[in-house]
Amino acid sequence: LGQIKHTGHTISVSDVWFVAHHLGMLETQVGEISRFTEGGVVLAGPDEIEISCDVLVRCTGFERNACLVPAISPYETMSRANYLDENV
């Protein structure tokens, strides 16, 4: 089938996020949710901003789990670009 990505690049959902922002199809708000409403959410804080939304994505961050590589694969290490081996 060939490569789905070029060497040194990983496929990332964040690419879609950047494109959607550029096209004005997506808006991001950072904050703590106070409560849900029928049509969206209300952010906590003194102003309690209500945001209408169709989709809510809960993001809690990312932690690289390279230490688990030997336990879950036949490889001993992971490269800095998160590869185990060529195209893996």
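Residues numbered from 1 in each chain as written. Predicted model: local features only at pLDDT ≥ 70, side-chain atom pairs only at ≥ 80, totals over all residues. Heavy atoms only, no water.

Asker: Hey, could you go over the pairing of strand β2 (residues 40–43) for me, with residue numbers and the actual values?
Answerer: Summarising the sheet, strand β1 (residues 33–37) and β2 pair through four bridges and their orientation is antiparallel. The partner of T37 across the bridge, within β2, is G40. Hairpin geometry of β1 and β2 is characterised by an intervening segment of two residues between the two adjacent antiparallel strands. Bridge count between β2 and strand β3 (residues 50–52): three bridges; the pairing is antiparallel. Residue pairing in the sheet places G40 in a bridge with S52 of β3. Turn length for the β2-β3 hairpin, with the two strands adjacent in sequence and antiparallel, is six residues, and the turn residue G45 shows positive phi of about 135°. (Pairing = 2+ DSSP bridges. Helix = DSSP H or I, 4+ residues; strand = E, 2+ residues; numbered from the N terminus.)

Asker: Just give me the short version of a nonpolar patch on the surface, but keep the residues and values in it.
Answerer: Taken together, the side chains of W17, F18, V19, L23, M25 and L26 present a nonpolar region at the surface, about 630 Å² in accessible area. One can find W17 in helix α1 (residues 13–22). A relative accessible area of 36% means that W17 is categorised as partly exposed. (Patch = residues over 30% accessible without salt bridge, like charges linked within 9 Å, V, L, I, M, F, W, Y side chains within 5 Å. Areas by Shrake-Rupley, 256 points an atom, 1.4 Å probe, with all protein chains shown as cover. Salt bridge = Lys/Arg side-chain N within 4 Å of Asp/Glu carboxyl O. Buried < 20%, exposed > 50% of the residue type's maximum accessible area, 1.4 Å probe, protein only.)

Asker: For the pattern of salt bridges, give the residues involved together with the corresponding values.
Answerer: Using the criterion set out here, one finds one salt bridge in the structure. Ionic pairing is found between R35 and E48, a salt bridge with its closest N-O pair at 3.2 Å. One end of the pair, R35, is in strand β1; the other, E48, is in the loop between β2 and β3, with 13 residues separating them in the sequence.

Asker: Account for the confidence of the model for the protein, naming residues and giving values.
Answerer: Taken as a whole, the protein shows an average pLDDT of 80; of its residues, 81% reach a score of 70 or greater. Ranking the elements of the protein by mean pLDDT puts α1 last with 77 and β1 first with 94. (pLDDT = per-residue confidence, 0-100.)

Asker: So what about the environment of L84? Which residues, and what values?
Answerer: Counting through the fold element by element, L84 comes out in the segment after α2 (69–72). Along the chain, L84 and S73 lie eleven residues apart, while their C-alpha atoms are 9.0 Å from each other. Ignoring any residue separated from it by four or fewer positions in sequence, one finds L84 in contact with V69, S73, Y75, T77 and M78. (Contact = heavy atoms within 4.5 Å.)

Asker: Account for the sheet that holds β1, with residues named and values stated.
Answerer: The strand order across the open sheet formed by three strands is β1-β2-β3, and the pairing between neighbours is antiparallel. Each of the sheet's edge strands pairs with one partner strand only, and the pair in question is β1 and β3. Strand-to-strand twist of the sheet, defined as the mean angle between neighbouring strand axes without regard to direction, takes the value 25°. (Axes fitted to C-alpha atoms, helices over the stretch in contact; angles between N-to-C directions.)

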